[in-house]
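Coordinates in review
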Amino acid sequence: MKIAIIGIGTVGSAVATAVKNTGFVHEIVLFDRDAIRARAAAEDLGHAASFGFDVKISAVSNYRGIRGSDIVIISAGANQKPGETRTDLLNKNVAVISDIVPRVMANVDPKHVRIIVVTNPLDVMVMLTQKLSKLPASRVIGTGTMLDSARLRTILSRQLSVSTQSINAYVLGEHGDSSMVNWTSATIGAVALDDFCRQMKTPLPATTRATIEHRVRNAAYEIIQGRGATWDGIGAAAADLLRCIINNEHRILTVSCVNGAGANMVAMSLPRVVGADGASAPIMPKMSASESAALRKCAKIIRKNYDSIGK
Ligand code: NAD
């Protein structure tokens, strides 16, 4: 299994580390327009790999080096600076994706390759990548709200004193400021969240839920404020998605793929079954009226941003 990672900045390096540590990959090639940076990362990661799974890691100086890749991960582009939103990155990263995708497609097998998009603003970048690559929507997969859902599960785990592994609770919609928590479908083990709270006498009133939702939405801003950027969470999320594809695991993940047609075409995160062929059509969970309205608002915002790039 050969993986190419395009964009070896803070996130690309973290993704490479997490991918290396899965043990499911025999070769990772790194490309960055800053060739010195990619080479240095390949050296460092190669040294680290000698302590773990046998994986060949190299930097490539042009796109011919990604030939034979089964999966391409795009993590290039501008990141948020303190105070910036993901949408603020739109125009800069439209240029980055427009530069990268045609070069990737000229060097991979279009019948087989799967592309994982990490670059923000994520959902619009998924739409643009799918359009430029002409790949089926199922094989252009954004990490979407996998990370936001992990943040939600982490907070709930602390609040309810139950393992994150037993929490099925999802953040849906935009990987951005309009993301929404689908409280209605949340279960703890096999029990609906409300039932769990009643039985365990751990109330989760609307005010607490609103605070949790706010914390999930603001997690990236807080991390960027304190650390300059976010990388560990997204590295783990991208590697988990990759593992799910490589092993054809058919897990339900909240990834972002293009769905719908014409004026209704949009990419946003919904639960999908993910396996070797990519991501399935969305499996719509139960939602309250206000959750449905919040999801429609996400779709509108993403679509408006996509339309604004004029592609
Ligand atoms: P960074 O500035 O550290 O690294 C970006 C890298 O991209 C640089 O090495 C740069 O040389 C490279 N690059 C830029 N344009 C390129 C091009 N045309 N071709 C090849 N390489 C190019 O930024 P970062 O912190 O690594 O963030 C990268 C992206 O990941 C940002 O868009 C950021 O917002 C996004 N991100 C997404 C998530 C998520 O959950 N999806 C989480 C964190 C960050």
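Before reading on, note that the structure itself is shown above.
Let me sum up the structure you'll find in this document. Computed from a predicted structure; not experimentally measured.

Moving on, we get to the site of the ligand. Near the ligand you find 27 residues, and of these Val-11, Asp-32, Ala-78, Asn-79 and Asp-99 are the closest. Note that an oxygen atom of the ligand is positioned 3.2 Å from one of the backbone N or O atoms of Gly-77. Here Asn-120 contributes a side-chain N or O atom positioned 3.0 Å from an oxygen atom of the ligand. Listed by contribution, the elements that provide at least two residues to the shell around the ligand are helix 1 (10–20) and helix 3 (90–105). When residues in the shell around the ligand are grouped by element, the largest group, four residues, is from helix 3.

Let us now look at the packing of helix 5 (residues 146–160) against helix 7 (residues 206–227). Running from N to C, helix 5 and helix 7 point in directions that differ by 130 degrees, and their axes come no closer than 10 Å. On the basis of the axis angle, helix 5 is oblique to helix 7. Relative to helix 7, helix 5 is oriented so that their crossing is right-handed. Of helix 7, the residues touching helix 5 (which contributes Asp-148, Arg-151, Leu-152, Ile-155, Leu-156 and Gln-159) are Thr-208, Ile-212, Arg-215, Val-216, Ala-219, Ala-220 and Ile-223.

Cut-offs applied
Residues numbered from 1 in each chain as written. Predicted model: local features only at pLDDT ≥ 70, side-chain atom pairs only at ≥ 80, totals over all residues. Heavy atoms only, no water. Near = heavy atom within 4 Å. Polar contact = N/O pair within 3.5 Å; in protein donor to acceptor, adjacent residues only side chain to side chain. Helix = DSSP H or I, 4+ residues; strand = E, 2+ residues; numbered from the N terminus. Axes fitted to C-alpha atoms, helices over the stretch in contact; angles between N-to-C directions. Parallel < 35°, antiparallel > 145°, perpendicular 65-115°, else oblique. Left-handed = near helix turned anticlockwise from the far one by under 90°. Contact = heavy atoms within 4.5 Å.

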